[in-house]
Each structure stands twice: as C-alpha cells, then as structure tokens.
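# Architecture and fold: a report
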Amino acid sequence: MKIGAALIALLSSAASGADAFGVPSTRAFATRSAAARSSLGMSTAEKADDKTEEKEEAKGKKAGKDAPPTHIGWNSHQPVAEVPETLVREGESGPDGNNPMRQKFEKMCRDAQISITKAIEEIDGKGKFQEDAWVRANGGGGMSRVLADGDVFEKAGVNLSVVYGSMPQEALQAATERGVDRAKGMAPGERVPFFACGLSSVMHPKNPHCPTMHFNYRYFETDGGVWWFGGGTDITPSYINEDDMKHFHGTYKEVCDRHDPEYYKEFKAWADRYFVITHRNETRGLGGIFFDDQNDRDADTIFKFSEDALNSVVKAYGPIIEKHKDDEFTQKEKEWQLIRRGRYVEFNLVYDRGTVFGLKTGGRIESILMSLPETARWEYDNRPEEGSREAEFLDACTHAREWV
C-alpha cells in the first residue's frame, strides 16, 4: 500500500515529543559522573564562586537580530539549475564558526554523494538518479539525488544539506543525546542559531533478500561556540544472512579500528540502543554503527574518522546487493519485507533525530521524507510462525547479537 498522508501526519506529530531513545554513550556518562563527583567535593567557598559564575553565564549570549527564525519555512528553498561552488557562506551575518571545517565537511559530502550514486547506478543497471538543487536566501541549500523504479532499487536517495537556522533550546535538546548541553553559551530560553551540514541516504531494494541501508554523517556548530560530529551507517534486512552481517559489520569494525580500538564496540552498542522502535520493543534492523555529540578530540581527527566511515558505504553494502539482487523469492517473503518496511516507517517518523530536526526547523519536506519507502504493509497483530525465518529475524531485533 502507498503510505498515507494521515499516517505521516500522525507519526510526525508524535515525533515532536520524541527523545529518540537517547541513551548516553559510555564516555558522555562517565564525563558527567566525574563532574558530579567533583561537585560533591567542592568547598563552600568554591561553591559560592561557582554560583557567581553561573549567574554570569546565565546572562549568556543573545541570538542576533539577523539570526534565522526558528522555523525557516517549508517553502523557503528556491530551486536552482546550478549549485554554487559552495553552499557555506563566509558570512558575518550568521553564526560565527569554524568556517574551514564547514567547507571541508561540505566538500567531503559532495564528493561522497557523487561516488556513492555512481556506484549504485552501476549496481542497478537501469535506474538513474534525478538531482534537485536549491538554495535559501539566508544561506545554505542542498542537493537531493533520488533513483526510483530501477531494476534493483525501488527507491534510493542521497541528500546533501547545508542549513543555517535557529532552534528553541528545548527542541534542540529533543534532537540530541539526552543530557548533552548544545545550548551552552546562550542565555536561558534564547533560541540557538546553528549551522549544520550533512549527507544522508536510504536505499530500498525490491528483492526481500536485499537489505535496506541507511547512513547519515553530519557536522554542527552553534552560535554559542559548541561544535560536534555525528552519524553512522546501519543495515535493515528482512531475513538473517550470517555472512552478509559479518561482511557489513566487519567492514565497519575495520574502519573503527583504524581510528580508535574502542570505537566499534561503543558505536555498535550505540546503534543497538538508538534504532529501537520503543512502542514495539524491537529494533528497526540489525544495526551497524551510530555516534553523536563527538567533540572529545580535535575536529580534524573526528573528521578523518567520519570521512573514512562515509567512504566505506559502498564497500560494506555493495557486495551484499550484488550477491542477492537476482535471488528468487516468494509472495510470502515479499509481504514480510513490506511489513518490516512498515516498521522502518514507524521508526523514521516517530524517533529518528534527523526527521525530528527537519520537521522542527522547516526543512525541505521532500528531502526529509525521502527516507520512506514507496510501499509498505501493516497487518493487524502479525505474529511470525514459531521456528520460521521471520521469527528468527524478529528474535534478532529483540535480542542484540554480535556479528564479528
């Protein structure tokens, strides 16, 4: 069935209150715990000094008169035939920030968008990506590339976005890891001007033995002086294939190990926590890596990890599609794939941070909803037969597994 507008409206409205199942990472939790212990050990004089500093900080920074509104408008984008060399403005009229990193991250995303869509077209053999480009008067813009009705892919999209906007502090908090202060440096209650650049993608193959794949890599700055990286790549099959999962997770373990031997364990566990459909108590798929609020080392170091992970998408995913794109399948298997796509829709519209962020800031709606499949299925009280491959998959969605 085509996904109805009523369902989109219902679930996206629920998204406004979602906390995205944001369980703090081990490092973030440890940092906050240490801070709490340190606070308990302060002297009375130190506490008095601290309160004085808090009062001074409470004044904070105000959003500039030229800061964008909190909702930049669904129709504020202007289509263009040619995209400027960069969508990052040099700007004195917007958030002050690390402009070299802004442009560096945008270039990385542009290059990856070109290479990934080229590889997917080669795998599909028939489908071609249609590109739409747009800009906004206050700066920023984006490029969406979408392939539809190919031989292999029902729908595949890769979107680049550069955004200058503002968010209420409570909305910014809802779109982040619980307990992380992204409004630091701003006056209490003051909206937070921000810069964001990211590349996101979802690919929905036709064959139920070919998994759906999603990735998103992003960089943020706020007017209060806070910056961070986030992202990840994850896979959502309809059936378990141990070799495929070893290949996918193994590829990203190699990526992580090149940068930090603790990354894969931490980011794999983070993905298992993040991609949970809380109202069903099951994961969307079989995970991958996920990270957010990364600013615990210098920006160039985290950039190199993000670049390596993004440039490993085709290596991790391409061979799995090549292997299964011509597999035979039954009508029952196709119906199960569509049921799992329904679960995909539920997660994306209720819990996904990117969706919440886009809806709250007035992002380009076609780009925000690009992640949804063209077809999905909801059956009343569907329960896989015990011992079936469908039941085995559902067990893996309720009990996280280690694949490598």
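Keep in mind the model is a prediction, meaning the values are calculated, not measured.

A separate point is the overall build of the chain. Scanning the chain from N- to C-terminus turns up 13 helices and 10 strands. Restricting the contact set of the chain to residue pairs at least 6 apart, pairs at least 24 apart contribute 76%. Total accessible area computed for the chain in this model is approximately 18200 Å², and 52% of it derives from carbon and sulfur atoms.

Taken N-terminus to C-terminus, the directions of helix 6 (residues 242-257) and helix 7 (residues 263-274) make an angle of 130°; their axes are 8 Å apart at the nearest point. Of the possible angle classes, the one that applies to helix 6 and helix 7 is oblique. When helix 6 is examined against helix 7, the residues His-249, Tyr-252, Lys-253 and Cys-256 are found in contact with a partner set consisting of Tyr-263, Tyr-264 and Lys-268. Classifying every residue of the contact of helix 6 with helix 7 gives four nonpolar, one polar and two charged.

We now examine the environment of Arg-280. Secondary-structure assignment places Arg-280 in the loop between strand 8 (276-277) and strand 9 (282-283). Not counting the four nearest positions on each side in its chain, Arg-280 is found in contact with Arg-343, Glu-346 and Trp-378.

Here we take up the environment of Ala-187. Examined against the element boundaries, Ala-187 turns out to sit in the loop between helix 5 (169-174) and strand 5 (192-205). Distance from Ala-187 to Gln-169, taken between C-alpha atoms, is 9.8 Å for residues 18 residues apart in sequence.

To continue, consider the packing of helix 4 (residues 99-124) against helix 9 (residues 313-324). Contact pair helix 4 / helix 9: the axes reach a minimum separation of 11 Å and the direction vectors enclose 10°. Between helix 4 and helix 9, the crossing angle belongs to the class labelled roughly parallel. Contact with helix 4, carried on its side by Ile-116, Ala-119 and Ile-123, involves Val-313, Val-314, Gly-318, Ile-321 and Glu-322 of helix 9 and no other residues of that element. A class-by-class count of the residues in the contact of helix 4 with helix 9 yields six nonpolar, one polar and one charged.

Our next topic: the pattern of salt bridges. Applying the stated rule across the entire model yields 28 salt bridges. Two residues, Arg-280 and Glu-346, come together in a salt bridge whose shortest N-O distance is 2.7 Å. Residue Arg-280 is found in the loop between strand 8 and strand 9, and its partner Glu-346 is found in helix 10 (residues 331-350); the two are separated by 66 residues along the sequence. On the basis of relative accessibility, which here comes to 34%, the residue Arg-280 falls in the partly exposed class.

A separate point is helix 8 (residues 299-310). Given 3.6 residues per turn, any residue in an α-helix points the same way as the ones three and four places further on. Taking 1.5 Å of rise per residue, 12 residues should cover 16 Å, and helix 8 covers 16 Å from first to last C-alpha, within 8% of that figure. Between the side-chain oxygen at the start of helix 8 and the backbone nitrogen of Asp-300 there is a gap of 3.2 Å, and the oxygen is on Asp-298.

One non-glycine residue with positive phi stands out, namely Asp-149, at about 55°. Turning to its location among the elements, Asp-149 is positioned in the loop between strand 3 (140-148) and strand 4 (153-167).

Tallied over the entire structure, the rule returns 23 aromatic pairs. Between Tyr-219 and Phe-229 the ring centres are 4.8 Å apart and the planes differ by 50°, which places this aromatic pair in the tilted class. Remark: Phe-229 occurs in strand 7 (residues 227-236) and Tyr-219 occurs in strand 6 (residues 212-222); sequence separation between them is 10 residues. With a relative accessible area of 0%, Phe-229 lands in the buried category.

This part takes up the confidence of the model for the chain. Residue-level pLDDT values for the chain average 82, and 75% of them are 70 or greater. Long-range and interchain partners of residues 1-48, a stretch whose pLDDT sits below 50, account for 67 contacts in this model, where long-range means more than four residues apart.

On to the pairing of strand 6, then. Buried residues dominate strand 6, accounting for 11 of its 11 residues. The two faces of strand 6 match: Thr-212, His-214, Asn-216, Arg-218, Phe-220 and Thr-222 on one face and Met-213, Phe-215, Tyr-217, Tyr-219 and Glu-221 on the other face are all buried. Note that strand 5 and strand 6 share 10 bridges and pair antiparallel. Bridging across to strand 6, Leu-199 finds its partner in Tyr-217. Two successive antiparallel strands, strand 5 and strand 6, enclose a turn made up of six residues. Pairing of strand 6 with strand 7, which is carried by 10 bridges, proceeds in the antiparallel orientation. Directly across from Thr-212, in strand 7, lies its bridge partner Thr-236. The hairpin turn running from strand 6 into strand 7, its antiparallel successor, is four residues long, and Gly-225 in that turn takes a positive phi close to 95°.

With 20 residues, helix 10 should cover 28 Å at 1.5 Å per step; its first-to-last C-alpha distance of 29 Å lies within 8% of that length. Counting buried positions over the 20 residues of helix 10 gives 17, a clear majority of the element.

Relative to the helices and strands, Asn-216 is located in strand 6. Judged by relative accessible area, Asn-216 falls into the buried class, the value being 17%. Aside from chain neighbours lying at most four places away, what touches Asn-216 is Leu-199, Ser-200, Gly-230, Gly-231 and Gly-232.

Counting buried positions along strand 4 yields 14 of 15 residues, so the element is predominantly enclosed. The antiparallel hairpin formed by strand 3 and strand 4 contains four residues in its connecting segment, where Asp-149 sits at a positive phi of about 55°. Pairing of strand 4 with strand 5, which is carried by 14 bridges, proceeds in the antiparallel orientation. When the sheet's bridge partners are listed, Met-167 is paired in strand 5 with Val-192.

Of note, Asp-272 is situated in helix 7. Look at Asp-272 and you get buried, because its relative accessible area is 18%. Side chain to side chain, Asp-272 and Lys-268 meet in a polar contact 2.7 Å long. If near-sequence neighbours (up to four positions away) are discounted, Asp-272 is found in contact with Thr-283, Gly-287 and Ala-400.

Reading guide: rules and limits
Residues numbered from 1 in each chain as written. Predicted model: local features only at pLDDT ≥ 70, side-chain atom pairs only at ≥ 80, totals over all residues. Heavy atoms only, no water. Helix = DSSP H or I, 4+ residues; strand = E, 2+ residues; numbered from the N terminus. Contact = heavy atoms within 4.5 Å. Areas by Shrake-Rupley, 256 points an atom, 1.4 Å probe, with all protein chains shown as cover. Axes fitted to C-alpha atoms, helices over the stretch in contact; angles between N-to-C directions. Parallel < 35°, antiparallel > 145°, perpendicular 65-115°, else oblique. Nonpolar A, V, L, I, M, F, W, Y, C, P; charged D, E, K, R; others polar. Salt bridge = Lys/Arg side-chain N within 4 Å of Asp/Glu carboxyl O. Buried < 20%, exposed > 50% of the residue type's maximum accessible area, 1.4 Å probe, protein only. Expected span 1.5 Å × (residues − 1). Polar contact = N/O pair within 3.5 Å; in protein donor to acceptor, adjacent residues only side chain to side chain. Phe/Tyr/Trp six-rings, centres within 6.5 Å; stacked < 30°, edge-to-face > 60°. pLDDT = per-residue confidence, 0-100. Pairing = 2+ DSSP bridges.

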